[in-house]
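# What the coordinates show
Okay, here's what each chain looks like letter by letter:
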Amino acid sequence: MNIPVPRRRRNRTAIALIVFTGLLGCRPETAPAPDLRFDQVRVRQATVSGTANRTVNSAAYLIIRNLGKAPDRLIGATFEGARRVEVHETRIDDDGLAMMQAAESIVIPAGAEVRLEPGGLHVMLMGLERSLVSGEEVELTLLFENSGARSLVAKVQ
Ligand SMILES: [Cu+2]
């Protein structure tokens with residue numbers, strides 16, 4: 001039996017095909033894209049003792065510059081040796097106390113720089129499984145909406 005496809009549905013398929021073809025034909029060099037650069041990538045030193053039964057945290061800081069023509073968004077991070085990694089912002093509450101909270105994402109506007117620094121935005125490394133020793137180099141991976149995963153070398157200090 002021949003089941004007729006409703007006209008409206010057919011039109012929608014045609015439009016989807018046109019949009020898709022349009023995307024394929026789009027040249028990367030003409031499309032505005034973010035161009036991220038990273039500077040002063042560092043992680044705060046921390047000591048994890050085998051006997052002390054407590055959670056040890058650290059934080060990563062850096063400068064993110066976007067030399068591109070389109071914005072990007074920091075949406076997460078990974079760090080080997082931390083049970084949980086979150087992007088945090090520091091807020092001052094009603095009592096004047098500094099509070100940290102998870103930031104869903106951080107926009108890196110085109111042509112701008114965003115600083116992750118003590119007392120402000122940072123990548124929180126929670127539940128460290130080993131010590132981070134000053135002078136050591138460790139890998140920090142940042143996840144961006146448009147630029148994807150970017151692995152960076154961070155200096156412990
Ligand atoms: Cu934090």
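### Description of the overall build of the protein chain
Per the secondary structure count, the protein chain includes one helix and ten strands. Helices and strands appear in the protein chain in the N-to-C order α-β-β-β-β-β-β-β-β-β-β. If you take every contact in the protein chain between residues at least 6 apart in sequence, the share linking residues at least 24 apart comes to 68%. Summed over all atoms, the accessible surface of the protein chain reaches about 10500 Å², with 51% contributed by carbon and sulfur.

### Some words on the nonpolar core
Judged by nonpolar contacts, the single largest core of 31 residues is most densely connected at Ile64, Phe79, Val123 and Leu142. Here this core takes four residues from strand β9 (residues 137-144), the largest share from any one element. Residue contacts for isoleucine 64: discarding those within four places in its chain leaves Leu36, Arg37, Phe38, Leu74, Ile108, Ala112, Glu113, Val114, Leu116, Leu142 and Phe144.

### Describing the coordination of the copper ion
Six octahedral donors around a metal ideally sit at 90 or 180 degrees from one another, while four tetrahedral donors ideally sit at 109.5 degrees. Within the first shell, the copper ion binds the protein through His88 (ND1), Met100 (SD), His122 (NE2) and Met124 (SD), at distances of 2.1 to 2.3 Å. Around the copper ion, the four donor atoms sit at angles spanning 91 to 122 degrees, and that spread fits a shape best called tetrahedral. Sequence spacing of the donor residues for the copper ion, all on one chain, is H-x11-M-x21-H-x1-M. Placement of the pair is histidine 88 in strand β4 (residues 82-92) and methionine 124 in strand β8 (residues 122-128), with a sequence separation of 36 residues. Accessibility expressed as a relative area gives 8% for methionine 124, which makes it buried.

### Considerations on the packing of aromatic side chains
For the structure shown, the criterion picks out one aromatic pair. For the ring pair phenylalanine 38 and phenylalanine 144, a centre distance of 5.9 Å and an interplane angle of 40 degrees mean the geometry is tilted. Here phenylalanine 38 is found in strand β1 (residues 36-43), whereas its partner phenylalanine 144 is found in strand β9, with 106 residues between them in sequence.

### What about the pattern of salt bridges?
Taken as a whole and judged by the stated rule, the model has nine salt bridges. Here aspartate 35 and arginine 37 are joined by a salt bridge, their closest N and O atoms 2.8 Å apart. Since its relative accessible area comes to 30%, aspartate 35 is described here as partly exposed. In this structure, the salt-bridge partner of arginine 115 is glutamate 113, at a minimum N-O distance of 3.0 Å. By relative accessible area, arginine 115 is classed as partly exposed at 40%. Here the residues in one salt-bridge network are Asp39, Arg65, Glu113 and Arg115, joined through shared partners.

The rules behind the values
Residues numbered from 1 in each chain as written. Predicted model: local features only at pLDDT ≥ 70, side-chain atom pairs only at ≥ 80, totals over all residues. Heavy atoms only, no water. Helix = DSSP H or I, 4+ residues; strand = E, 2+ residues; numbered from the N terminus. Contact = heavy atoms within 4.5 Å. Areas by Shrake-Rupley, 256 points an atom, 1.4 Å probe, with all protein chains shown as cover. Core = buried A, V, L, I, M, F, W, Y, C linked by side-chain atoms within 4.5 Å. Buried < 20%, exposed > 50% of the residue type's maximum accessible area, 1.4 Å probe, protein only. Donors = N, O, S within 2.8 Å, 3.2 Å for Na, K, Ca; no water. Tetrahedral: all angles 85-135°; square planar, octahedral: opposite > 155°, others 65-115°. Phe/Tyr/Trp six-rings, centres within 6.5 Å; stacked < 30°, edge-to-face > 60°. Salt bridge = Lys/Arg side-chain N within 4 Å of Asp/Glu carboxyl O.

All quantities given are derived from atomic positions and should not be read as evidence of function.
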